[in-house]
Amino acid sequence: MNSRTIDLSALDAFVDPAAARASGKPLMLDIDLIQEDPDQPRKAFDDLIELAASISVHGVKVPISIRPHPNIPGNYMVKFGARRRRASIQAGLTQIPAWIDNVPSDFEQVIENLQRKDLTPMELAQFMEDKMACGMKVGEIAHKLAVPPSTVTKHLALINPPAEIEALYQTGRTTSPETIYELRSLHKLHPDAVKAWLAGDVEVTRRSVEDLKRRLKAEEGRGDEAANAAPKRGRPRRVDDPSEIKRPVIAVRVGERHGVVVLNRRANEDEHVLVKWDDTAEVDQVANREVVFLRLDDARRYEPINRGLTE
């Protein structure tokens, strides 16, 4: 009977993931079994030539992270490492080392790409916009990405800006979310001035935008001064209404003593108020049930009662 060696290497792709984790070694999987995530936040994969050349010589040093494919049994979907997968294909590899992570999270993909600085500002902004469309709040997105809420707000300024500001990003004059956020804020107040400024041959930086902001504010101030200096014609003189109260005080009585309620400080206990006595100008905390509220008055016209009785 002739013995024959059977090649079982194809079964390596279906090695038990739990056993692989226990051994501390990544799986070696056929690249054909690994698909990219269509919802991957990263959209641009520029210049894979150097990475492919390195992989062809040294292999993939850092395993990619994958999860079971939700629709294709026996296949996987990339969580982290889409760029390494593409470069491996360019390098002619048929297998790639991978760790299996069964917990899908697009936020994890974004964080991993942020740490590697692989996401463009627009890709991050589009991811944030998608999450907002799903009902998430700015603070929740910021918490999950471990960034300040202002980072989310400024990136969202990249979404659907005015045409002249969108052209800034598309042409590469600036890709800074902070700069574009400031420009959008200025554009709301001074659309024509910002449009004219952008039409000029100006370098768009945070400093130049700040200079523009100061200039427009100064011009606005000069306009207000001119308006105030203009003679007022036909404006009737205002006559004070004696019933109008500009500085309200609440006059009260507690037993035989009179005073006013302190309105800008809170008592230490519920159902209590602070009363400033007319006779001593001292302040005491008094239970509401002991206070007789007399009237609402104006501090300019209020005359203390009993002032000087204890002097």
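Attention here is on the structure that accompanies the text. (Residues numbered from 1 in each chain as written. Predicted model: local features only at pLDDT ≥ 70, side-chain atom pairs only at ≥ 80, totals over all residues. Heavy atoms only, no water.)

In this structure, Leu183, Trp197, Leu198, Val204 and Leu212 are the most contacted members of the largest nonpolar core, which totals 17 residues. If you list the elements that add at least two residues to this core, you get helix H5 (121-133), helix H8 (163-171), helix H9 (177-189), helix H10 (191-199) and helix H11 (206-229). In this structure, leucine 183 is in contact with Ile165, Leu168, Val194, Trp197, Leu198, Val204, Val209 and Leu212, ignoring residues within four places of it in sequence. Ranked by size, the runner-up nonpolar core spans 16 residues in total, among them Leu29, Ile31, Ile55 and Ala98. (Core = buried A, V, L, I, M, F, W, Y, C linked by side-chain atoms within 4.5 Å. Buried < 20%, exposed > 50% of the residue type's maximum accessible area, 1.4 Å probe, protein only. Helix = DSSP H or I, 4+ residues; strand = E, 2+ residues; numbered from the N terminus. Contact = heavy atoms within 4.5 Å.)

In terms of residue burial, strand S7 (residues 257-261) counts as a mostly covered element, since four of its five residues are buried. Sheet topology places strand S6 (residues 248-254) next to S7; four bridges connect them, and they run antiparallel. Paired with arginine 253 across the strands is histidine 258, a residue of S7. Note that S7 and strand S8 (residues 272-277) share three bridges and pair antiparallel. Looking at the pairing, glycine 259 lines up with tryptophan 277 of S8. (Pairing = 2+ DSSP bridges.)

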